[in-house]
Amino acid sequence: MVKEYFYGRVGGAFRNPMMGLAPRADYVDAVGDNTLIYVDVTWRELEPKEGAFDFAQIAEENHFAVWKSKGKKVVFRFVCDLPGREAHMDIPDWLYEKTGDGTIYDCEYGKGYSPNYANPLFINYHKKAIEALGREYGQDTFICYVQFGSLGHWGEWHVNYGAGIARFPSEEICRQYVEPYITAFPKAKLMMRRPFSFVKEYGMGVFNDMVGEPVDTEEWLDWIHNGSIYDDASEPIVLKACEDIWLDAPVGGEFSSGRSMEEMLVTEQARTIDLLQRSYMTFIGPKTPMTNAEEKRWPEAVAEILKNVGYRYGVTTAKVEHEPLNGVLKVELQMKNFGVAPIYFAWPVCMYLLDKQGKLSERKVLDVDLTKLAKEQTVEAKVVWEGENLKKNLPLIAIGIENPDTGKPEVLLDMDVKTQDKVYIMNAD
């Protein structure tokens, strides 16, 4: 017996693992059903005393225990300079006493302290700090995206030298900030604000903190497509084109603070979606529709944004051939990515046979690499089952995408079929 199945799509907004909106971890009301949370940590918070790293306080303030229990993943950024309303420093006092050759500033960005990033002692202590972060956070998959911070205002790799601040350091010095991250976070995907040469060299992703702002985003896209020269540094630095970077590494960023959320989500929604699609965006945060109440204000708009970021997989067709006399079942299927980007972690696609009660009886991992299944691409897979149990009635055949950490299906698929616990039944006639 041979039967073919054709599956429609569900549509709607998905909040799937490691994609979508990434609100701040310390803003509990904003997290809701989002699967990503954003965490930035200043050096002052991390190491208030030399060699003493306050991971317990960081975990408490960002509710790590709660978010881990709920299966959330982290977008992480380590920062040395967050401009604010009041005079302050984001590096610890002990480090300032040892270096102290940066610039106290009061400019249009706000007030703060910009370290001298070229100071060898500062660079050495930074390496130790990143190594400590790696020992604490780099050994599992809780942190899945690491945005290179460390340098510049907000960790965005630029300084306002027009306000009397020393220029951004040379590429050679920047490398000394980059390399500790490479070994510290082997399980995470690393990302940079601009396509410095390190992006292509190490296969990093990129992020744009001006999502929804057309002028700035167009400039950022031009860097990605054509490269540029970053001449705000002490020595001009080449930005290298990486037009297809999204095929192998994530693109993220946050909504611009220069426009209202209503403008970006509602009145100029088409423009925002166009920019997201052309960026091949996987996540947006920490600036998002900031509260559940605000999402309720524009639920349709938020849903449209979610439809246009990240991956979106589904089986489109399947051919099922059952030979009961021989106890053989053959399944051929086509799987498609309807999203704007692939998933960037190797989560397995699994096929299941279910008994009459809907319980799992057998499981096989398909030869499908979702990290290579990009926007609008389709892949074929074949599975052969043999056994005495297949000499009886045709069992229920199902599919799911499993989290390798839990061994459970955890991804919503864009398939209009019966489902139970994110297992999608393919032959429920």
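It should be emphasised that the depicted structure is a prediction, and the values quoted were computed from it without experimental measurement.

Within the structure shown, the criterion is met by 26 aromatic pairs. Here Y117 and F122 contribute two aromatic rings whose centre-to-centre distance is 6.1 Å and whose plane-to-plane angle is 80°, an arrangement assigned as edge-to-face. The two residues Y117 and F122 agree in class, both being buried. Taking the centre distance of 5.7 Å and the plane angle of 45° together, the rings of W157 and F168 count as tilted. You can see W157 sitting in the loop between β7 (143-147) and α7 (171-184) and its partner F168 sitting in the loop between β7 and α7, a full 11 residues away along the chain. On the accessibility criterion, W157 (1% relative accessible area) is buried. Cation over ring: K364 sits above W385, and NZ or CZ is 5.0 Å from the ring centre.

Within a regular strand, side chains alternate between the sheet's two faces. The buried count for strand β16 (residues 349-354) comes to six of six residues, which makes it a mostly enclosed element. Neither face of β16 is open: one carries V349, M351 and L353, the other C350, Y352 and L354, and all of them are buried. Bridge count for β16 against strand β19 (residues 396-403) is six bridges, and the pairing is antiparallel. Along β19, the bridge assignment pairs Y352 with A398. A loop of five residues connects β16 with strand β17 (residues 360-365), the two strands running antiparallel in sequence, and G358 in this loop sits at a positive phi of about 80°.

So, how was this worked out
Residues numbered from 1 in each chain as written. Predicted model: local features only at pLDDT ≥ 70, side-chain atom pairs only at ≥ 80, totals over all residues. Heavy atoms only, no water. Phe/Tyr/Trp six-rings, centres within 6.5 Å; stacked < 30°, edge-to-face > 60°. Buried < 20%, exposed > 50% of the residue type's maximum accessible area, 1.4 Å probe, protein only. Helix = DSSP H or I, 4+ residues; strand = E, 2+ residues; numbered from the N terminus. Lys NZ or Arg CZ within 6 Å of the ring centre and 35° of its normal. Pairing = 2+ DSSP bridges.

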